[in-house]
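Here's the letter readout for the chains.
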Amino acid sequence: MTRYDTIIRGGRLAAAPGEPADIAIAGGAIAAIGPELAGDAGETIDASGQHVLPGGIDAHVHLNEPGRTEWEGFASGTRALAAGGITSFCEMPLNAHPPTCDAASFAAKLAAAERSSLIDFALWGGLTPENRDQLDELAACGVIGLKAFMSNSGTSDFSAADDLTLYEGMQVAARHGLLVAVHAESNTITAALAQRAQAEGRTGVRDYLASRPIIAELEAINRAIFLAEQTGCALHIVHVSSGAGVAAVAEARARGVDVSCETCPHYLVLTEDDVERMGAVAKCAPPLRPQAEQDALWAQIAAGTLPMVASDHSPAPPDMKTSDNFFAVWGGIAGAQSTMALMISEGHLRRGLPLALLAEITAAFVARRFRLAPQKGALAVGADADLALIDLGASATLRADDLHYRHRISPYIGMAMQGTIARTIVRGTTVARDGAIVSPPIGRLLRPLAATAD
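The rules behind the values
Residues numbered from 1 in each chain as written. Predicted model: local features only at pLDDT ≥ 70, side-chain atom pairs only at ≥ 80, totals over all residues. Heavy atoms only, no water. Helix = DSSP H or I, 4+ residues; strand = E, 2+ residues; numbered from the N terminus. Rg over C-alpha atoms; globule rule 2.2 N^0.38 Å. Contact = heavy atoms within 4.5 Å. Lys, Arg positive; Asp, Glu negative; His and termini not counted. Charge placed at Lys NZ, Arg CZ, Asp CG, Glu CD. Pairing = 2+ DSSP bridges. Axes fitted to C-alpha atoms, helices over the stretch in contact; angles between N-to-C directions. Core = buried A, V, L, I, M, F, W, Y, C linked by side-chain atoms within 4.5 Å. Buried < 20%, exposed > 50% of the residue type's maximum accessible area, 1.4 Å probe, protein only. Salt bridge = Lys/Arg side-chain N within 4 Å of Asp/Glu carboxyl O. Right-handed = clockwise from strand over helix to strand, strands pointing away. Parallel < 35°, antiparallel > 145°, perpendicular 65-115°, else oblique. Left-handed = near helix turned anticlockwise from the far one by under 90°. Nonpolar A, V, L, I, M, F, W, Y, C, P; charged D, E, K, R; others polar.

Enquirer: I'd like to hear about the overall build of the chain, residue by residue, with values.
Expert: In terms of helices and strands, the chain carries 13 helices and 17 strands. Scaling as 2.2 N^0.38, a compact globule of 454 residues should have a C-alpha radius of gyration of about 22 Å, and the chain matches this with 21 Å. Summarising the internal contacts of the chain: among those between residues at least 6 apart in sequence, 75% fall at separations of at least 24. If you average the places of the 35 positive and of the 50 negative side-chain charges in the chain, the two averages end up 1 Å apart.

Given below as structure tokens:
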């Protein structure tokens, strides 16, 4: 009789949710899938009544270690990710100090992550005017890609990339087969509007929202696409907040540009009215938009033109979220623990999107685009046994005490969500169960694999 490490029995798979199936795990990988699998196992997990999805891959997370661990760190941040059904993540080069802009800073962040990360991780490298001579060494380290800001990053040690920096950085990235990810907002537009508003004493929520109009996002997206097209660089636009922004990416992709984009849960469940109601906890950049933009983003997810959701988890201590001047408030939303639950509750159960589509936008496409497939992102024999077990019949209202963040701040506190994360499994090991962490850190560095088609 075949003996496995673990057999998960009776769960309904996201890709074929009709009949229950078993998943056998050996050596950290999926060894077999099928109904009523024969064999024995060291551990048997009863998943009857639950749905099994590939563990989420959050490609846009700021955990701020080393250097700003008082904001968040790998220990607290990955506890939150694991509790939320995330099994891998890509950590941005800021807001660590120093940012991940050369081999030495990469090594320091890698050491911190290996000490404390519960789940697997990849590391972004930075692209700034100051580190163009270090891009080759970042590629050699195994970064998942290079991240640039087209507007002020909010931290003094990570400069915005001018057009020459982007152009030359994209040339290097293309040579190494690396993605370049950009925060796409026009600094010329946003900085001038912000300066004008503050000079006139207009420093409230609506004044901030007006200083970052959709045109600033569109201008930067199209400029980045043009540079990527000229250099042959693979481009990824992070946290797109508008339907027109997604449409610009889809149009470029249709004509052969190697470009993709993501949106974030906050753009899908909150609007600009929520910023006015909630205040600083809901401030981000690009800002939350009107309801019509939220509706457009959901429609594009359903149509397949918006293929990816990432949290852009960007926490900060409470004193950085308090000011009489809304422009001075830290612009980041803490939400990584809630991404999967929000997509299930708001996407599948409220809007009827298939679970297979949610698995695609939270795991499968992410793995392909960031060259983590076929190891990650799939319920398939041979893939890593990274799984999220979901109880669609359970509901919960998020409380601050449920959060594993260093600072229990989130705009989703008090929000009722239908569908809960019952268990998170990383390479066959249960790391979280019913919101509790049950494993020591087991995270490993993920490097991009050989290029695969999207």
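Enquirer: So what about the sheet that holds strand β7 (residues 86-91)? Which residues, and what values?
Expert: The strand order across the open sheet formed by three strands is β6-β7-β8, and the pairing between neighbours is parallel. Strands with a single pairing partner mark the edges of an open sheet, and in this sheet they are β6 (56-61) and β8 (120-123). Looking at each pair of strands side by side, their axes are set apart by 20° on average, direction ignored. Across four bridges, the pairing between β6 and β7 is parallel. Paired with Gly 56 across the two strands is Ile 86, which belongs to β7.

Enquirer: Any details on the nonpolar core? Residues and values, ideally.
Expert: By size, the foremost hydrophobic cluster in this structure holds 105 residues, and its most contacted members are Ile 119, Leu 146, Val 182, Leu 235 and Ile 237. Per-element accounting of this core gives the leading share, six residues, to helix α7 (residues 214-231). Excluding residues within four positions of it along the chain, Ile 119 makes contact with Thr 78, Leu 81, Ala 82, Ile 86, Thr 87, Ser 88, Phe 89, Val 426, Val 431, Gly 443 and Arg 444. One finds Met 92, Ala 122, Ile 144 and Ala 181 within the second-largest nonpolar core, a separate group that totals 19 residues.

Enquirer: Can you tell me about the pattern of salt bridges, naming the residues and giving the values?
Expert: Throughout the structure, instances matching the rule amount to 28 salt bridges. Notably, a salt bridge pairs Arg 255 with Glu 251, separated by 2.5 Å at the nearest N-O pair. Exposure remark for Arg 255: the relative accessible area of 43% places this residue in the partly exposed category. Note that Arg 369 is salt-bridged to Asp 258, the shortest N-O span being 2.6 Å. Taken together, the positions of Arg 369 in helix α13 (residues 355-369) and Asp 258 in the loop between α8 (243-254) and β13 (259-261) put the pair 111 residues apart, joining distant regions of the chain. On the basis of relative accessible area, Arg 369 is assigned to the buried category, the value being 6%. Look at Asp 258 and you get partly exposed, because its relative accessible area is 36%.

Enquirer: Go over the pairing of β7, please, and point to the residues and values.
Expert: With respect to burial, β7 is a largely interior element, six of its six residues being buried. With respect to chirality, the unit in which β6 leads through helix α1 (residues 74-83) into the neighbouring parallel β7 is right-handed. Where β7 and β8 come together, four bridges link them in parallel fashion. In the strand pairing of β8, Ser 88 is matched with Asp 120.

Enquirer: Give a description of the sheet that holds strand β12 (residues 234-237) that names residues and reports values.
Expert: One open sheet accounts for five strands, arranged β9-β10-β11-β12-β13; its pairing is parallel. Either end of the sheet is taken by a strand with one partner, and the two such strands are β9 (125-126) and β13. Bridge analysis of β9 against strand β10 (residues 145-149) gives two bridges, and the strand direction is parallel. Note that in β10 the partner of Gly 126 across the bridge is Lys 147. Along the sheet, α7 contacts β11 (179-183), β12 and β13; its crossing angle with β12, the most-contacted strand, is approximately 170°.

Enquirer: Give a detailed account of helix α12 (residues 339-350), specifying residues and quantitative values.
Expert: Buried residues dominate α12, accounting for 10 of its 12 residues. If you check which residues of α12 are buried, you get Thr 339, Met 340, Ala 341, Leu 342, Met 343, Ile 344, Ser 345, Glu 346, Gly 347 and His 348. Phi turns positive, to about 75°, at Gly 352, one or two residues after α12.

Enquirer: Could you give me a rundown of the packing of helix α4 (residues 163-176) against α7, with the residues and numbers involved?
Expert: Packed helix pairs are characterised by how far apart their axes lie and by the angle those axes make with each other. Where α4 meets α7, the closest approach of the two axes is 9 Å, and the angle between their N-to-C directions is 40°. It follows that α4 is oblique to α7 by the angle criterion. Between α4 and α7 lies a crossing whose hand is right-handed. The residues of α7 that touch α4, namely those facing Asp 163, Leu 166, Tyr 167, Met 170, Gln 171 and Ala 174, are Arg 223, Ala 224, Leu 227, Ala 228 and Thr 231. Of the residues that constitute the contact of α4 with α7, the class distribution is seven nonpolar, two polar and two charged.

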